[in-house]
Amino acid sequence: MQPDTPVLIVGGGPIGLATALELAWRGVRSVLVEQDSRSAPVLLAKAGTLNARTLEFCRRWGIADAVAHWGAPDDFPRDTVYCTSLQGRYIGRDAAPSQRDRQPPECSPEMLQKCPQHVFDPLLARAVLERGHTR
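Quick caveat, the model's predicted, so the values are computed rather than measured.

Engineer: Would you explain the overall build of the protein in this entry?
Structural biologist: When you go through the protein residue by residue, the secondary structure sums to four helices and six strands. In the protein, the succession of α and β elements from N to C terminus is β-α-β-β-α-α-β-β-β-α. Each of the three principal axes of the protein carries a C-alpha extent, and together these read 65 × 35 × 20 Å. Across the 135 residues of the protein, 31% fall into the buried class. Counting contacts in the protein only where the partners sit at least 6 residues apart, residues at least 24 apart contribute 58% of the total. When the accessible area of the protein is evaluated, it comes to approximately 9,100 Å², of which 56% is carbon and sulfur surface.

Structure (structure tokens):
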């Protein structure tokens, strides 16, 4: 028996979805399987920032604008506050300028972008489905 799809992707997390999207961008058909169909809507502590290289891929796949405009205002500071709890002891702050006030690094036209994984994964999944090369 010959398979009619050349690539099987096991796992529907960000790596599996990105692989499916990259293959579709190249015109390669694939099948993506995920053990837990409930994994996408479950909100767990996950990644929150995409680096410049990831954004370069997002630009190529046509989803960079959706990533950039997912809902956080571009003038909102990207500070990280460290504390023992919301009402606990303040430990420190890592100040970071807003997306609007930042400049891309010399190595890339893209720059670090805040986009929580619970937002990013569905953006990837929609793009994979829209390409039409993945079952």
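Engineer: Looking at this structure, how should I read the packing of helix H1 (residues 14-25) against helix H2 (residues 52-61)?
Structural biologist: One can describe the packing of H1 onto H2 by two numbers: an axis separation of 11 Å at closest approach and a directional angle of 45°. On the basis of the axis angle, H1 is oblique to H2. Once H1 is placed against H2, the crossing between them reads as left-handed. For the pair H1 and H2, the contacting residues are Ala18, Leu21, Glu22 and Trp25 in the first and Phe57, Arg60 and Trp61 in the second. For the contact of H1 with H2, the class distribution of residues is five nonpolar, no polar and two charged.

Engineer: Got a minute to help me understand H2 in this structure?
Structural biologist: At 3.6 residues per turn, the α-helix brings residues three or four places apart onto the same side. If you check which residues of H2 are buried, you get Ala52, Leu55, Cys58 and Trp61. Its side-chain oxygen placed 3.1 Å from the backbone nitrogen of arginine 53, asparagine 51 serves as the N-cap of H2. Of the residues trailing H2, glycine 62 is marked for its positive phi of about 85°.

Engineer: Help me out: how do you make sense of the pattern of salt bridges in this one?
Structural biologist: Note on pairing: side chains with opposite charge can pair once their charged atoms come close. According to the stated counting rule, one finds eight salt bridges in the structure shown. Where arginine 26 meets glutamate 22, a salt bridge forms, and the shortest distance between an N and an O atom there is 2.7 Å. Exposure remark for arginine 26: the relative accessible area of 54% places this residue in the exposed category. Of the residues examined, glutamate 22 reaches a relative accessible area of 12% and is grouped as buried. With a closest N to O distance of 3.5 Å, arginine 100 and aspartate 101 form a salt bridge. Take arginine 100: its relative accessible area is 52%, and that puts it in the exposed class.

Parameters and conventions
Residues numbered from 1 in each chain as written. Predicted model: local features only at pLDDT ≥ 70, side-chain atom pairs only at ≥ 80, totals over all residues. Heavy atoms only, no water. Helix = DSSP H or I, 4+ residues; strand = E, 2+ residues; numbered from the N terminus. Buried < 20%, exposed > 50% of the residue type's maximum accessible area, 1.4 Å probe, protein only. Contact = heavy atoms within 4.5 Å. Areas by Shrake-Rupley, 256 points an atom, 1.4 Å probe, with all protein chains shown as cover. Axes fitted to C-alpha atoms, helices over the stretch in contact; angles between N-to-C directions. Parallel < 35°, antiparallel > 145°, perpendicular 65-115°, else oblique. Left-handed = near helix turned anticlockwise from the far one by under 90°. Nonpolar A, V, L, I, M, F, W, Y, C, P; charged D, E, K, R; others polar. Polar contact = N/O pair within 3.5 Å; in protein donor to acceptor, adjacent residues only side chain to side chain. Salt bridge = Lys/Arg side-chain N within 4 Å of Asp/Glu carboxyl O.

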